[in-house]
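# Structural description and commentary
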Amino acid sequence: EEEEEEEEEEEDRRADAPVRLAFGPAFTMALSYFKTFVWVMFPPPLLLLGLLLLPLPNALRNATLRFSDSVLFLKVHPSLKLSLFWFCLLLSTLTFLSCIQAVAEKREIYQSAKINGNACEQLVKLLGAERNAWISGTACALWVILHRFRSVFKAHRMLEMQVEAAVAQEVKKEK
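Residue numbers run consecutively from 1 along every chain, following the written order of its sequence. Local features are withheld for residues below a pLDDT of 70 in this predicted model, meaning they are given only at 70 or higher, and side-chain atom pairs are given and counted only at 80 or more; totals for whole chains, interfaces and linings count all residues. Calculated side-chain values reflect all of the structure's heavy atoms, with hydrogen atoms and water omitted.

### So, the pattern of salt bridges
Convention followed: A carboxyl oxygen of Asp or Glu within 4 Å of a side-chain nitrogen of Lys or Arg is what we treat as a salt bridge. Elements are defined by DSSP. Helices are runs of H or I of four residues or more, strands are runs of E of two residues or more, and each kind is numbered from the N terminus. Accessibility here uses a 1.4 Å probe with only protein chains present; expressed as a share of the type maximum, an area under 20% marks a residue as buried, one over 50% as exposed, and anything in between as partly exposed.
Tallied over the entire structure, the rule returns five salt bridges. D69 is the salt-bridge partner of R150, the closest N and O atoms lying 2.3 Å from each other. Residue R150 is located in helix 7 (residues 120-174), and its partner D69 is located in helix 5 (residues 58-72); the two are separated by 81 residues in the primary sequence. Residue classification places R150 among the buried positions, given a relative accessible area of 8%. With its nearest N and O atoms 3.5 Å apart, the salt bridge here joins K125 to E121. With K125 and E121 both in helix 7 and four residues apart, this pair spans about one turn of that helix. Note on E121: relative accessible area 51%, which makes it exposed. A cluster of three or more residues bridged by salt bridges with shared partners is formed by D69, R150 and K154.

### Here we look at the packing of helix 4 (residues 43-53) against helix 7
For the record, the criterion: For every element, the axis is a line fit to its C-alpha atoms; helices are fit only across the contacting stretch, and the angle between N-to-C directions ranges from 0 to 180 degrees. Angles below 35 degrees are treated as roughly parallel, those above 145 as roughly antiparallel, those between 65 and 115 as roughly perpendicular, and all remaining angles as oblique. Should the near helix be turned anticlockwise from the far one by less than a right angle, the crossing is left-handed, and should it be turned clockwise, the crossing is right-handed. Residue contacts follow a heavy-atom distance rule, with two residues in contact if any of their heavy atoms lie within 4.5 Å. Three classes are used: nonpolar for Ala, Val, Leu, Ile, Met, Phe, Trp, Tyr, Cys and Pro, charged for Asp, Glu, Lys and Arg, and polar for all others, with Gly counted as polar.
Contact pair helix 4 / helix 7: the axes reach a minimum separation of 9 Å and the direction vectors enclose 30 degrees. With respect to their mutual orientation, helix 4 and helix 7 come out roughly parallel. Crossing hand, helix 4 versus helix 7: left-handed. Facing P44, P45, L46, L48, L49, L52 and L53 of helix 4, the residues of helix 7 in contact are L142, W143, I145, L146 and F149. Looking at side-chain class alone, the contact of helix 4 with helix 7 contains 12 nonpolar, no polar and no charged residues.

### So, the nonpolar core
Most often, soluble globular proteins have nonpolar side chains that are buried together. Selection criterion: Here the nonpolar core consists of buried residues drawn from Ala, Val, Leu, Ile, Met, Phe, Trp, Tyr and Cys, with membership extended through side-chain atoms lying within 4.5 Å.
M41, L72, W143 and L146 are the most contacted members of the largest nonpolar core, which has 25 residues in total. Going through the elements one at a time, helix 3 (33-41), helix 4, helix 5, helix 6 (84-116) and helix 7 are the ones with two or more residues in this core.

### A few points about the confidence of the model for the protein
The cut-off we apply is this: Known as pLDDT, the predictor's per-residue confidence is scaled from 0 to 100.
In the predicted model, the protein carries a mean pLDDT of 82, and the fraction of residues at 70 or more is 84%. Here helix 2 (residues 25-30) stands out as the element of the protein with the lowest mean pLDDT, 46, in contrast to helix 7, whose mean of 90 is the highest. For residues 26-31, every residue scores under 50 in pLDDT, and the model assigns this stretch eight contacts once sequence neighbours within four places are set aside.

### Quick word on helix 3
Every α-helix carries 3.6 residues per turn, so stepping three or four residues along brings you back to the same face. Which entries qualify depends on this criterion: Here the arc refers to the directions that run from the helix axis out to each C-beta atom.
Among the residues of helix 3, those classed as buried are F34, F37 and M41. Buried residues along helix 3 cover an arc of 50 degrees about the axis, so they all sit on one side. Residues of helix 3 that are buried in the fold lie against helix 4, helix 6 and helix 7.

### A short note on the packing of helix 3 against helix 7
At a minimum axis distance of 11 Å, the contact between helix 3 and helix 7 shows a crossing angle of 25 degrees. Here helix 3 lies roughly parallel to helix 7, going by the angle between them. Judged by the sense of rotation from one axis to the other, the crossing of helix 3 with helix 7 is left-handed. Counting all contacts with helix 3, which are made through F34, F37, V38 and M41, the residues of helix 7 involved are N132, I135, S136, A139 and W143. Class assignment for the residues of the contact of helix 3 with helix 7 results in seven nonpolar, two polar and no charged.

### Here we look at helix 6
We apply this condition: To estimate how far a helix should reach, multiply one less than its number of residues by 1.5 Å.
With 33 residues, helix 6 should cover 48 Å at 1.5 Å per step; its first-to-last C-alpha distance of 47 Å lies within 8% of that length. In this fold, the buried residues of helix 6 make contact with helix 3, helix 5 and helix 7. Trailing helix 6 by a residue or two, G117 shows a phi angle of about 100 degrees, which is positive.

Take a look at the structure:
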């Protein structure tokens, strides 16, 4: 039975070989949800956080903030009241929870395999599941940090504008 499964896997690999050669690593990456998750969920918050954290002049910083708001709060679908940000956060959170559940399952399998004496393969699977949990948790945290930083930055910007207006009004009164 194991030999049949190995033969089927080998046939699948051979069947996919021309497609993999034609499309390269992008195809093999698209085969895995988690690899796609990493390439889609990490760059946007990292890039936007990087742009917002750079010491830019106020005009550029305000433009960066407007750009991030226009991208993050784009509606996913007209009939849904769900923005792109909340969709990404929801997807990251669900992936994280799924990875936590996978870690618990792999840990149980590893514990039972440890008793039987063939724990090496199960340990590798457990470590892979833990790695995925850390990655998805980090992605989820990045989205939350981006939202908080953006909110604090907007509030700070609003206070700066109020102070500038008050100072301008005081200067006007003195004249």
